[in-house]
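Okay, here's what each chain looks like letter by letter:
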Amino acid sequence: MMEQKKRKSPLSLTELVILISGITVVVLICLLGVLFAGDMTKGSDEKEIAALRASEVIETCKAYHGDLKGASDKLSGTVASDDENGSGRLIVRYPEDGLVVDLEAVSKDVTDLLVKAMVKVEKLNTENIDEKNPIYTVQAAWQKSSQTAK
């Protein structure tokens with residue numbers, strides 16, 4: 001009788017091909033996860049900068065007790081509208097970040113001591129300034145100054 005030859009390798013060729021294919025799939029999934037995480041971080045960084053810029057505008061308005069003209073001068077922005085009740089609109093552009101912050105303050109009446117504002121941060125499209133893409137939105141409120149809250 002002929003003796004059967006013992007296999008030198010503990011795995012057959014088919015088993016090796018299946019094992020290598022499985023490892024390849026796992027590696028590809030991991031690489032896709034790393035690439036996807038990089039894209040998520042980029043978007044996260046953009047939102048973080050937008051939140052920082054919105055906070056800067058809000059805190060400046062609070063420091064000036066809702067005086068949009070004073071805040072505008074400090075931030076090099078423009079006041080689109082302003083009234084004695086504390087309502088108005090302040091627009092601040094940050095070309096270095098490609099962002100524009102639009103703060104719209106609303107005070108319901110003269111006796112209201114609280115100014116409420118909706119703040120939107122949008123991408124600044126350099127070709128068409130009127131066309132903006134929203135990134136971040138937040139609501140804010142501050143107390144009117146004693147001069148405007150009569």
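About the thresholds
- Residues numbered from 1 in each chain as written.
- Predicted model: local features only at pLDDT ≥ 70, side-chain atom pairs only at ≥ 80, totals over all residues.
- Heavy atoms only, no water.
- Buried < 20%, exposed > 50% of the residue type's maximum accessible area, 1.4 Å probe, protein only.
- Helix = DSSP H or I, 4+ residues; strand = E, 2+ residues; numbered from the N terminus.
- Pairing = 2+ DSSP bridges.
- Contact = heavy atoms within 4.5 Å.
- Salt bridge = Lys/Arg side-chain N within 4 Å of Asp/Glu carboxyl O.

The next point concerns the pairing of strand E3 (residues 99-106). Along E3, six of the eight residues are buried, which leaves the element largely enclosed by surrounding structure. Counting the residues between successive antiparallel strands, the hairpin from strand E2 (residues 88-94) to E3 contains four residues, one of them, Gly-98, with a positive phi of roughly 70°. In terms of strand pairing, E3 meets strand E4 (residues 114-124) through eight bridges, oriented antiparallel. Following the sheet pairing, Leu-103 is matched in E4 by Val-119.

Further remarks concern the environment of Val-100. With respect to the helices and strands, the residue Val-100 is situated in strand E3. Given a relative accessible area of 1%, Val-100 falls into the buried group. Here the alpha-carbon distance between Val-100 and Lys-123, two residues 23 residues apart in the chain, equals 6.3 Å.

Another aspect to go through is the side chain of Arg-53. Relative to the elements of secondary structure, Arg-53 occurs in helix H1 (residues 13-63). Setting aside residues up to four positions removed in sequence, Arg-53 forms contacts with Tyr-94, Glu-96, Asp-97, Leu-99 and Val-101.

Along the chain, the position of Ser-72 falls in helix H2 (residues 68-75). Under the relative-accessibility criterion, Ser-72 is labelled buried at 4%. If we ignore the near neighbours within four places in the chain, the residues touching Ser-72 are Gly-77, Thr-78, Val-79 and Leu-90.

Take the pattern of salt bridges next. If the charged atoms of two oppositely charged side chains come close together, the side chains can form a pair. Taken as a whole and judged by the stated rule, the model has seven salt bridges. For Lys-123, the salt bridge goes to Glu-46, with nearest N and O atoms at 3.6 Å. Of the two residues, Lys-123 is situated in strand E4 and Glu-46 in helix H1; the sequence distance between them amounts to 77 residues. A residue is classified by how much of its surface remains accessible, and Lys-123, at 34% relative accessible area, is partly exposed. When salt bridges with common partners are traced through the structure, they connect Arg-53, Glu-56, Glu-96 and Asp-97 into a single cluster.

So far we have only geometry, and geometry alone does not tell us how the molecule works.
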